[in-house]
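# Inside the fold
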Amino acid sequence: MTLILGIETSCDETAAAVVQDGWLVRSNIIATQHRLHEQYGGVVPEIASRAHLERISPVIQQALKQADRTLDQLDAIAVGNRPGLIGSLLIGVGAAKTLAWSTGKPLIGVDHVLAHLYAPALINAWDVNESANPAPNPIQYPAIGLVVSGGHTSLYELVSPTEITRLGRTIDDAVGEAYDKAAVILNLGYPGGPNLDRLAQQGDPSAYDLPRSMLSKQSLDFSFSGLKTALLYAVRGLPKRHNDRIVFERSADDLTEAQRTNLAAAFQQAAIDALMIKLHRGLDRMTELGRPTQSLIVGGGVSANSLLRRRAKEMKNTVTVRLANVVYCLDNAAMIAGLAHHCFVAGQFDDLDLPALATSRC
Ligand code: KG4
Ligand code: ZN
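Everything numeric here is computed off the predicted structure, so don't read it as measured data. (Residues numbered from 1 in each chain as written. Chains lettered and ligands numbered in written order. Predicted model: local features only at pLDDT ≥ 70, side-chain atom pairs only at ≥ 80, totals over all residues. Heavy atoms only, no water.)

## Things to note about the pattern of salt bridges
Counted according to the given criterion, the structure contains 10 salt bridges. Across the salt bridge formed by Glu157 and Arg291, the nearest N and O atoms sit 2.9 Å from each other. With Glu157 in strand 8 (residues 153-158) and Arg291 in the loop between helix 8 (257-288) and strand 12 (295-299), the pair connects residues that are 134 residues apart, well separated along the chain. Residue Glu157 is classed as buried on the basis of its relative accessible area, which comes to 8%. As a salt-bridge pair, Glu177 and Lys181 come within 3.1 Å of each other at their nearest N and O atoms. (Salt bridge = Lys/Arg side-chain N within 4 Å of Asp/Glu carboxyl O. Helix = DSSP H or I, 4+ residues; strand = E, 2+ residues; numbered from the N terminus. Buried < 20%, exposed > 50% of the residue type's maximum accessible area, 1.4 Å probe, protein only.)

## Digging into helix 8
Under the 1.5 Å per step criterion, the end-to-end length of helix 8 is 47 Å for 32 residues, consistent within 8% with the ideal 46 Å. The first or second residue beyond helix 8 is Gly290, which carries a positive phi of 75°. (Expected span 1.5 Å × (residues − 1).)

## Brief notes about the packing of helix 7 (residues 225-236) against helix 8
One way to put it is that helix 7 packs onto helix 8 with a least axis distance of 11 Å and a crossing angle of 165°. Taken together, the axes of helix 7 and helix 8 are roughly antiparallel relative to one another. Like other packed secondary-structure pairs, helix 7 and helix 8 cross with a definite hand, here right-handed. Note on element contacts: helix 8 touches helix 7 through Leu263, Phe267, Ala270 and Ala271, opposite Leu227, Leu231, Ala234 and Val235. For the contact of helix 7 with helix 8, the per-class residue count stands at 8 nonpolar, no polar and no charged. (Axes fitted to C-alpha atoms, helices over the stretch in contact; angles between N-to-C directions. Parallel < 35°, antiparallel > 145°, perpendicular 65-115°, else oblique. Left-handed = near helix turned anticlockwise from the far one by under 90°. Contact = heavy atoms within 4.5 Å. Nonpolar A, V, L, I, M, F, W, Y, C, P; charged D, E, K, R; others polar.)

## Some remarks on the sheet that holds strand 12
Strand order in the open sheet made by the 5 strands is 9-8-7-12-13, with mixed pairing throughout. Both outer strands of the open sheet, strand 9 (164-169) and strand 13 (320-323), are each paired with one neighbouring strand and no more. Taking the axes of each pair of neighbouring strands and ignoring which way they run, one obtains an average angle of 20° across the sheet. Bridge count for strand 8 against strand 9 is 5 bridges, and the pairing is antiparallel. Residue Leu155 lies in a different strand from strand 9, and its bridge partner there is Gly168. Contacting strand 7 (143-148), strand 8, strand 9 and strand 12, helix 8 runs over the sheet at an angle of about 155° to strand 7. (Pairing = 2+ DSSP bridges.)

## Some thoughts on the coordination of the zinc ion (ligand 2)
Distances from the zinc ion (ligand 2) to its protein donors, namely His112 (NE2), His116 (NE2) and Asp331 (OD), fall within the range 2.0 to 2.1 Å. Sequence spacing of the donors to the zinc ion (ligand 2): H-x3-H-x214-D. Note that His112 is positioned in helix 4 (residues 112-116) and Asp331 in the loop between helix 10 (326-329) and helix 11 (334-345), a separation of 219 residues in sequence. According to the relative accessible area criterion, His112 is buried, its value standing at 8%. Residue class for Asp331 comes out buried when judged on its relative accessible area of 16%. (Donors = N, O, S within 2.8 Å, 3.2 Å for Na, K, Ca; no water.)

## Quick look at the packing of helix 5 (residues 175-185) against helix 6 (residues 192-200)
The description of two helices packed together rests on the angle between their axes and the distance between the axes. It is the contact of helix 5 with helix 6, at a shortest axis distance of 8 Å, that shows an interaxial angle of 70°. When the interaxial angle is binned, helix 5 and helix 6 end up roughly perpendicular. The hand of the helix 5/helix 6 crossing is left-handed. Across from Tyr179, Asp180, Ala182 and Ala183 in helix 5, the residues of helix 6 making contact are Gly192, Gly193 and Leu196. Across the contact of helix 5 with helix 6, the residue classes tally to 4 nonpolar, 2 polar and 1 charged.

## A few points about the pairing of strand 1 (residues 3-8)
For strand 1, the tally of buried residues reaches 6 of 6 residues, placing the bulk of the element in the interior. Burial along strand 1 is two-sided: Leu3, Leu5 and Ile7 and Ile4, Gly6 and Glu8, pointing in opposite directions, are all buried. Relative to strand 2 (residues 13-20), strand 1 runs antiparallel, the two sharing 6 bridges. Of the residues in strand 2, the one forming a bridge with Leu3 is Gln20. Between strand 1 and strand 2, which pair antiparallel and follow one another directly, the connecting turn spans 4 residues. Judged from the 4 bridges that link them, strand 1 and strand 4 (residues 76-82) form a sheet pairing that is parallel. Bridge pairing in strand 4 places Ile7 opposite Val79.

This is the structure we're talking about:
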């Protein structure tokens, strides 16, 4: 049995979790900073790292308490050390190193993007009857994995939880970033993605025709900046030059509630269509290459999206669809601790000079 403490501070959630054997979540604590960033309409890196510093110790203590475990009982300390905001990552990495050094436990650095693709394997200890020997539900490989978050939109082939090859990625905005900007264009407030998703469910997507960027016929890359601009023009009209300034015909305040709701629905439909088309293409590509896929994994914040979840589940006749519990779609430390189990078993540990890095290795 392994018991691993995971720490996650890559963006604006301070999180710690204890996970047993890579799948049974014994505790999952997430302190969100949404209130602190709301007034700025997005994450302010300096505010985020200060808030992590204030919260990291209580969050780790709470994770151990909820798991009813002490530091001595842990087998390793894992931390998401890439990618993310450097000032934020450094707080988690510093805390993990301190704990590893002071307890003599191994340190394991985990790539946040890879951890998002592991999240569907997690099961809450409080949702199962432990006396009945609950079984894990491991992801079957080879798998195709789509990471859709605020910073990433990439498609991968995975042959194990830690062996990954990228098949395609966004050439401009990440889909979560496009959702957040679309929410600003529609005056929906922060956090944009969930607000837009909620509104879109009440609208008629066919009321507006927004583009689905496919790039070339074979491409597995993504592009969302055209969709974002098309939404901007649909809301505000075409831009015109007036006295050396660019002005729009109208503002989002001029929209009726029905127009705003239908625009949200049309944006959602176009964004999710683009993801689904590439997912199908990716599966077809694997079949053509003679590498048939056992599972389809969707991870990252946008995998909490209602339409994406519905459309992905509809693929269940072709492939086993693995979506995380909504709590584990968003940033959390259980996915870090869960994935670290596989590094632990393989004897892959890090030294105390583990760096915090802005970019993913994946
Ligand atoms: O994975 P995540 O929590 O953080 C990053 O690693 O970026 O993803 C956050 C992103 C944000 O852009 C947020 O707006 C988006 O996920 N998001 C959603 C939904 N919930 C979160 N986008 C669309 N629909 C949602 N329901
Ligand atoms: Zn994330």
